[in-house]
Amino acid sequence: MDGRLCCFGQPGRSMMIGDYAGSTETPGATRAGLVAGSLIRTPQGDIPVENLSPGDLVCTHDNGPQPVCAVQLFRVQAQDQLAPICIMAGTLGPHDTLFLSPQHRVLIRDSLADMLFGDAEVLVAAKDLVNGRSVRRCADGPVDYVQLVLDAMQVIYVQGVPTECPVIIAASQPQAHGQAAPRRTLRPFEARILMTAAA
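Residues numbered from 1 in each chain as written. Predicted model: local features only at pLDDT ≥ 70, side-chain atom pairs only at ≥ 80, totals over all residues. Heavy atoms only, no water.

How would you summarise the side chain of Arg183 if you had to cite specific residues and measurements?
Within the fold, Arg183 resides in the loop between strand E15 (161–165) and strand E16 (184–185). By relative accessible area, which is 18% here, Arg183 ends up buried. Polar side-chain contacts of Arg183 include one of 2.8 Å to the side chain of Glu121. What Arg183 contacts, discounting residues up to four positions off in sequence, is His61, Asp62, Leu107, Glu121, Val122 and Leu123. (Helix = DSSP H or I, 4+ residues; strand = E, 2+ residues; numbered from the N terminus. Buried < 20%, exposed > 50% of the residue type's maximum accessible area, 1.4 Å probe, protein only. Polar contact = N/O pair within 3.5 Å; in protein donor to acceptor, adjacent residues only side chain to side chain. Contact = heavy atoms within 4.5 Å.)

And the structure:
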């Protein structure tokens, strides 16, 4: 399954299944994804992300339980920019250790963010949190990334961490074009300012 995207969706809403061999888009490098085994908060309790199916409800930060529209799974070699980011337990508050793709964004709640950027809650790409200690890259063998698709961009809870659940823009989802992120997204240099100030 290396380099291949598998997707399961609702009738009329299924995503394209594609083989990424020779593609200019590299799964994991440009996509947000969670490492298989990550626990998602749902009204029925925490469930591994790969066990969720279209129609299942997940708990969101802003809008209560929302249904999953599709689930995408892709496998890549965990090397260089494709290697998952490990956020150790307790780094961002009371949560368990989290593994996610470098582009996946997490919600940071901090008074410094409010002081520096005018927003107490901001989204930061996992790769921009890397400090070589509590947040680091894990390069070792193949990794399975899973991406949930909801009707709108939401913040969900993964391993207890509030994490963005983006919308995949496809022909079956024209309404996704132009949707804003649920919070301000920090650019890499802004993330470094925040992490340096918080250290």
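This is not the end of the story, as more comes after the structure.
Account for the side chain of Thr60, naming residues and giving values.
Positionally, Thr60 belongs in strand E5 (residues 57–60). The class for Thr60 is buried, based on a relative accessible area of 8%. A distance of 2.7 Å separates a polar side-chain atom of Thr60 from the backbone oxygen of Gly64. If we ignore the near neighbours within four places in the chain, the residues touching Thr60 are Gln66, Gln154, Val155, Ile156 and Tyr157.

Summarise unusual backbone geometry; cite the residues concerned and give the values.
If you check the backbone angles, Asp80 has positive phi at about 50 degrees while not being a glycine. Structurally, the position occupied by Asp80 is in the loop between strand E7 (70–77) and strand E8 (85–87). We note that Gln159 has phi near 55 degrees; this positive angle belongs to a residue other than glycine.

Let's hear about the pairing of E15: which residues, and what values?
Buried residues dominate E15, accounting for five of its five residues. Both strand E14 (residues 154–158) and E15 contribute to a ladder of five bridges, which runs antiparallel. Its bridge partner being in E15, Tyr157 is matched across the sheet by Pro162. In textbook terms, the turn of a hairpin is the stretch between consecutive antiparallel strands, and for E14 and E15 this stretch comprises two residues, one of which, Gln159, has a positive phi near 55 degrees. (Pairing = 2+ DSSP bridges.)

Summarise the packing of aromatic side chains; cite the residues concerned and give the values.
With the rule as written, the count across this model stands at one aromatic pair. Here Arg41 stacks its cationic end above the ring of Tyr157, 4.2 Å away from the centre of that ring. (Phe/Tyr/Trp six-rings, centres within 6.5 Å; stacked < 30°, edge-to-face > 60°. Lys NZ or Arg CZ within 6 Å of the ring centre and 35° of its normal.)

Before we move on, can you summarise the confidence of the model for the chain with the specific residues and values?
Here the chain shows a mean pLDDT of 81. Residues at 70 or above account for 78%. Counting interchain partners and residues more than four positions distant, the pLDDT-below-50 stretch residues 170–178 has 15 contacts. (pLDDT = per-residue confidence, 0-100.)

So what about the nonpolar core? Which residues, and what values?
Within the largest apolar cluster, 31 residues are counted, with the highest numbers of intra-cluster contacts made by Ile40 and Leu148. No other element matches helix H1 (residues 111–117), which puts three residues into this core. When near neighbours in sequence (up to four residues on either side) are disregarded, Leu148 contacts Ile40, Val49, Leu52, Val58, Val68, Ala70, Val71, Ile156, Cys165 and Pro166. Grouped together as the second largest cluster of nonpolar side chains are seven residues, Phe74, Leu82, Val143 and Tyr145 included. (Core = buried A, V, L, I, M, F, W, Y, C linked by side-chain atoms within 4.5 Å.)

Any chance you could break down helix H2 (residues 188–198) for me, citing the residues and the numbers?
Buried residues of H2: Glu190, Ala191 and Leu194, and no others. Seen end-on, H2 carries its buried residues on one side only, within an arc spanning 100 degrees. For H2, the exposed residues set more than 90 degrees away from the buried face come down to Arg192 and Thr196. (Arc of directions from axis to C-beta.)

How would you summarise the environment of Thr196 if you had to cite specific residues and measurements?
Tracing the sequence through the fold places Thr196 in helix H2. Given a relative accessible area of 62%, Thr196 falls into the exposed group. A distance of 2.8 Å separates a polar atom in the side chain of Thr196 from the backbone oxygen of Arg192.

Pulling in residues and values, what's your account of the pattern of salt bridges?
Inspection of every chain in the model, using the stated rule, returns eight salt bridges. One salt bridge in this structure joins Asp144 and Arg75, with 2.6 Å as the shortest N-O distance. Highlighted residues: Asp144 in strand E13 (residues 142–149) and Arg75 in strand E7, separated in sequence by 69 residues. Linking Arg183 and Glu121 is a salt bridge whose minimum nitrogen-to-oxygen distance equals 2.8 Å. With Arg183 in the loop between E15 and E16 and Glu121 in strand E11 (residues 121–125), the pair connects residues that are 62 residues apart, well separated along the chain. On the basis of relative accessibility, which here comes to 22%, the residue Glu121 falls in the partly exposed class. (Salt bridge = Lys/Arg side-chain N within 4 Å of Asp/Glu carboxyl O.)

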